[in-house]
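Read off the chains here:
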Amino acid sequence: MTIYEKKYDVIVVGAGHGGCEAGLAASRMGHPTLLLTSNLDQIAAMSCNPAIGGLAKGHLVKEIDALGGEMAVNTDQTGIQFRRLNTRKGLAVQGSRSQNDRDLYRRRMKSVVEAQPNLDIRQAMVDALLIKDGKVHGVETHIHERFLSRTVILTTGTFLRGLIHIGLDHFPAGRMGDPPSVRLARQLESLGFEMGRLKTGTTPRLNGRTIDYTGLVVQPGDENPRPFSFSTTSIPLPQVPCHITYTTPETHGIIREGLDRSPLFSGVIRGVGARYCPSIEDKVVRFAEKERHQIFLEPEGLNTSEVYPNGLATSLPVDIQIRMIRSISGLERAEIVRTGYAIEYDYIDPLQLEPTLETRLIRGLFHAGQINGTSGYEEAAAQGLMAGINAVLKVRGEEPLILSRAEAYTGVLIDDLVTRGTREPYRMFTSRAEYRLLLREDNADFRLRDTGYRLGLVSEDIYREFCRKRALVEKLMERLREFRLRPEPGTMDRLKRLGTAPIRNATTLARLLKRNDLFFEDLSLFDPGLSETEEQVATEVETRIKYEGYIDRQVRQVEKMKRMESVRLPEHVDYGAVHGLSTEVREKLSRVRPLSLGQASRISGVTPAAIMALQVHLKRSGAEKHG
């Protein structure tokens, strides 16, 4: 056994999207950090689709950027198509998505990790945690190296007892081509962690040279790509289109023929899959009335012919996959270069976590990503960033960073996990956020940039630029509220040209902008200097003014929520002694151990009457505390 001479403050196990953010955050905060991965060539690998963002997921990427993480910058530098989604709907539910060059994404993130001061990387499979008196103090690898550390963050992805399925064939793997982590999974189970099995899958990859794009619908990106990072000034790579095709009744018939050899429908797979991202065989069975399903043909990069057929995730046998693919328009002669597969893996019930993502069973041990039951690169990266930050704050003995549901989608994500748990792969949606009008993509920097700077994750230059933008927004808000129009002939003529109603009394530009049929660029007819306003500044001001009434209403709701959150619950409160609680509620409160009345109120099954009983108990016992 070899004990490595250098000691670390943070060890991160796994170098996927969560592991990279965790390692970069801890090291950028000035603490010696070690990033361990079983394969250095797979750092930040996009194991599934080569894309970042999407509805609600784009919000997470923007928040990662505002806090000083790397995912948004890496996305902008390697993106080959950018699109804004839901643009016909309100700003609160619009989202950004990018198609990325898979190889460039991985290589660039690897170079960032390698160049980061305070961050060491090492190729090794971690077999065990080193634990003493209920506290982690390092890890041991498969070749009996020991690395010592004050905290450990597990970002194991799909590697814990990973099992790949293709038809009725299955074999152990963390993902195709990489071994699973079996011994670590067994140790976690022996330590008393409650574990379950989840399932995810990926599509077959196609040789683009064998696809006939003639007659397929072309899906271009946005004409003016909007980057993810607030600090990105231009998109460097050429932009490419995707294409759309559809399954056919013949496709569905072929899939049904193969269901007897489907691990999903023959009972071989026992893990729970993502309800919102089903395999093609699942879609054909569950939505039998649908004649076709949409398939997006997404290029994997600028210098490869591989294509990702988004919408065709499958674990059917290879012969069925080939026939299925060739029954689709444009793919009649398509060749599969990588077979689609499903993978089952262990996860640990996130109800065993503190809101900091530290485990309750082992002090100093943090979990982030799919080990907590989530799906998606973005959800993993957001958790990794928060785990890295909180591991450092624990080492320093400082107060942790816990983002509220009113501050960030990241706060919603983590609160959902540690308060409600999950029995299926958790995916972020805008509908999960009660205060989504406050949590827009475009204002993530206003919400979180100060915090990132305070933590040392945001550079002086980037923070200075943000402060300039913030000042411009405040100045412009004041300008629009003070600039008054009178019902004079020249004003009336301009309003008529804009196709909007005349004004009867003196009004401000801010009041005019509240109209549904007017937009910020229209105001330059009355104040020509406004045409020089920067786009980000104009967008923020227009949103604040147009949605002012709704925003004020949500702010009042947040204030009410804060009062509940400020009532702290004692760490060792005996819920069995609280009069008026049902057995079920007592069990749930004892398991989750909420930090506040607010968190207790969000536990599934905890009623308003139970919250009232808790308040009465706290007052009688004199234990009510305000945070």
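Before reading further, recall that the structure is shown in the block above.
Rules of the game
Residues numbered from 1 in each chain as written. Predicted model: local features only at pLDDT ≥ 70, side-chain atom pairs only at ≥ 80, totals over all residues. Heavy atoms only, no water. Salt bridge = Lys/Arg side-chain N within 4 Å of Asp/Glu carboxyl O. Helix = DSSP H or I, 4+ residues; strand = E, 2+ residues; numbered from the N terminus. Buried < 20%, exposed > 50% of the residue type's maximum accessible area, 1.4 Å probe, protein only. Axes fitted to C-alpha atoms, helices over the stretch in contact; angles between N-to-C directions. Parallel < 35°, antiparallel > 145°, perpendicular 65-115°, else oblique. Left-handed = near helix turned anticlockwise from the far one by under 90°. Contact = heavy atoms within 4.5 Å. Pairing = 2+ DSSP bridges. Core = buried A, V, L, I, M, F, W, Y, C linked by side-chain atoms within 4.5 Å.

J.: I tried to follow the pattern of salt bridges on my own but got confused; where do I start?
T.: Where charged atoms of side chains with opposite charge meet at close range, the side chains can pair. All told, the structure shown has 56 salt bridges when counted by the stated rule. A salt bridge links Arg150 to Asp9, with the nearest nitrogen and oxygen atoms 3.7 Å apart. Placement of the pair is Arg150 in strand E10 (residues 145–154) and Asp9 in strand E2 (residues 8–13), with a sequence separation of 141 residues. A relative accessible area of 43% places Arg150 in the partly exposed class. Of the charged contacts in the structure, one is a salt bridge between Asp65 and Arg449, with a shortest N-O distance of 3.8 Å.

J.: Mind showing me how you'd approach the packing of helix H3 (residues 71–78) against helix H4 (residues 102–115) here?
T.: What describes two packed helices is the angle between their axes and the distance between those same axes. Relative orientation of the contacting elements H3 and H4 amounts to 135°, with a least axis distance of 9 Å. Regarding the angle of H3 to H4, the classification is oblique. The element H3 and its partner H4 pack so that their crossing is right-handed. The residues of H4 that touch H3, namely those facing Met71, Val73, Asn74, Thr75, Gln77 and Thr78, are Leu104, Tyr105, Arg108 and Met109.

J.: Which parts of the structure should I look at to understand the pairing of strand E8 (residues 126–132)?
T.: Side-chain direction in a regular strand flips from residue to residue, so the side chains alternate between the two faces of the sheet. For E8, the buried fraction is high: 5 of the 7 residues fall into the buried class. Pairing of E8 with strand E9 (residues 135–141), which is carried by 6 bridges, proceeds in the antiparallel orientation. Within E9, the residue paired with Leu130 across the bridge is Gly138. Remark: 2 residues form the turn of the hairpin made by E8 and E9, two consecutive strands paired antiparallel; Asp133 in that turn has positive phi of roughly 55°.

J.: Quick question: what am I supposed to make of the nonpolar core here?
T.: Within soluble globular proteins, side chains that are nonpolar tend to cluster in buried spots. In this structure, Met71, Ile153, Ile389 and Met428 are the most contacted members of the largest nonpolar core, which totals 63 residues. When residues of this core are assigned to their parent elements, the largest contribution, 10 residues, is made by helix H9 (residues 377–396). Residues contacting Ile153, with those up to four places away along its chain left out, are Val10, Ile11, Val12, Val13, Ala22, Phe366, Ala387, Gly388 and Ala391. Of all hydrophobic cores here, the second largest spans 24 residues; its members include Phe446, Val473, Leu495 and Ala538.

J.: Would you explain the sheet that holds strand E19 (residues 336–338) in this entry?
T.: Whether parallel or antiparallel, the strands of a sheet pair through hydrogen bonds between backbone atoms. Here 6 strands make up an open sheet; going across it, the order is E15-E16-E17-E18-E14-E19 and the pairing antiparallel. Edge positions in the open sheet fall to strand E15 (217–219) and E19, since each of these has one partner strand only. Mean inter-strand twist for the sheet, computed between neighbouring axes without regard to direction, equals 35°. Bridge count for strand E14 (residues 205–207) against E19 is 2 bridges, and the pairing is antiparallel. Residue Leu206 lies in a different strand from E19, and its bridge partner there is Ile336.

J.: Sorry if this is basic, but what is going on with unusual backbone geometry here?
T.: Glycine aside, the phi torsion of most residues is negative, and most peptide linkages are trans. Even without a glycine there, the phi angle at Ala44 is positive, about 60°. Considering the arrangement of structural elements, one finds Ala44 in the loop between strand E3 (33–37) and strand E4 (51–53). For Ala44, a relative accessible area of 0% puts it in the buried group.

J.: Quick question: what am I supposed to make of the pairing of strand E20 (residues 341–348) here?
T.: Taking burial as the measure, the 8 residues of E20 include 8 buried ones, the bulk of the element. Burial along E20 is two-sided: the residues Tyr341, Ile343, Tyr345 and Tyr347 and Ala342, Glu344, Asp346 and Ile348 are all buried. Direction of pairing for strand E11 (residues 163–166) relative to E20: antiparallel, over a ladder of 3 bridges. Looking across to E20, one finds that His165 is bridged to Ala342. Relative to E20, strand E13 (residues 195–202) is paired through 8 bridges, and the arrangement is antiparallel. Each residue of the ladder has a partner; that of Gly201, found in E20, is Ala342.

In short, the description is geometric, and any link to function would need to be established separately.
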